[in-house]
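Listed below, chain by chain, are the residues.
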Amino acid sequence: MAPATVVYGQTVTVCFELSGSSTLTGKADIAWVLDVTGSMGGPIANIQTNIANFTNQLSTAGIDFRDALVAFRDINYADAPAITTYDFTASVPTFQGWVAGQLPGGGGDSPESALEGIQAAVTTTNYTPGTLPLNWRPDASHTIILITDAGMHSAAPGDGKSSLSTLSFPVS
């Protein structure tokens, strides 16, 4: 199957089943993969507010959930760590503090390193120096929410600025 072409500004929802378990436990682990490149400077405040509102609503509803954050920049032009992970927490204020602390910067071209951000969320090995793997609960549903304003670097087909590809995405 050929990869889809996405137009700038278009909202795309991508779903991966990361857990082989089909047992519903009422638990949710949510990894937010957030683009913090310079081009996010305008929308970041609204995104931070919306994430805070969403997590507040989950908390108020009494849902057993944890949030993690993967903040990514462009690995090819990073003037700060390209990927930073914040492992799962059940503390809404802690998570919201991580999100509120993200300051956009770096980048340099339109495609960004979203695939590396997703890989950091799903891999069980230490993929990027200084980045620790997320500790997903095996008995929880696993959700990744990607927020970005740009396309992604890809090995093939793509611009070759990434070792990853949407056609053969390595998850360990």
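First, a word on scope: everything that follows refers to the structure included in this document. Since we're looking at a predicted model, the values are computed, not measured.

At a minimum axis separation of 10 Å, helix α1 (residues 44-60) and helix α2 (residues 92-100) run at an interaxial angle of 170°. In terms of orientation, α1 and α2 fall into the roughly antiparallel class. Between α1, through Gln-48, Ile-51, Ala-52, Thr-55, Asn-56 and Ser-59, and α2, the contact on the second element is made entirely by Val-92, Phe-95, Gln-96, Val-99 and Ala-100. Considering only residue class, the contact of α1 with α2 consists of 6 nonpolar, 5 polar and no charged.

So, about α1. Relative to the 24 Å expected for 17 residues at 1.5 Å per residue, α1 spans 24 Å between its end C-alpha atoms, a close match to the ideal helical length. Those residues of α1 lying buried are Ile-44, Ile-47, Gln-48, Ile-51, Ala-52, Thr-55 and Leu-58. Axial view of α1: buried residues confined to an arc of 135°, hence all on one face. Away from the buried face of α1 by more than 90 degrees, exposed residues Asn-46, Gln-57 and Thr-60 are located. In this fold, the buried residues of α1 make contact with β1 (27-35), β2 (64-72), α2 and β4 (141-147). Phi turns positive, to about 75°, at Gly-62, one or two residues after α1.

It is worth spelling out the sheet that holds β4 at this point. The strands that make up a sheet are held in pairs by hydrogen bonds between backbone atoms, and each pair lies either parallel or antiparallel. Taken in spatial order, the 4 strands line up as β3-β2-β1-β4 in an open sheet, and their pairing is mixed. This sheet does not close on itself; its edge strands, each paired only once, are β3 (83-89) and β4. Looking at each pair of strands side by side, their axes are set apart by 15° on average, direction ignored. Strands in contact with α1 are β1, β2 and β4; relative to β1, the strand with the most contacts, it is inclined by about 175°. α2 rests against β1, β2 and β3 of the sheet, and its axis sits at about 15° to β2.

So, how was this worked out
Each residue is numbered by its place in its chain's sequence as written, counting from 1. With pLDDT at 70 or above as the cut-off, local features in this predicted model cover only qualifying residues; side-chain atom pairs require 80 or more to be listed or tallied, and sums for whole chains, interfaces and linings still use all residues. Note that the side-chain values use all heavy atoms of the structure and ignore hydrogens as well as water. Interaxial angle, 0 to 180 degrees, is taken between N-to-C directions of lines fitted to C-alpha atoms, where a helix line uses only the stretch in contact. Segments assigned H or I by DSSP are reported as helices when at least four residues long, segments assigned E as strands when at least two residues long, and all are numbered from the N terminus. Convention used here: angles under 35 degrees read as roughly parallel, angles over 145 as roughly antiparallel, angles from 65 to 115 as roughly perpendicular, and any remaining angle as oblique. Contact definition: two residues touch when any of their heavy atoms are within 4.5 Å. The classification used treats Ala, Val, Leu, Ile, Met, Phe, Trp, Tyr, Cys and Pro as nonpolar, Asp, Glu, Lys and Arg as charged, and all other residues, Gly among them, as polar. Here a helix's expected span is defined as the number of its residues, less one, multiplied by 1.5 Å. Throughout this description, buried means an accessible area under 20% of the type-specific maximum (1.4 Å probe, protein chains only), exposed means over 50%, and partly exposed covers the range between. The arc in question is traced by the directions running from the helix axis to the C-beta atoms. If DSSP finds at least two bridges between two strands, the strands pair.

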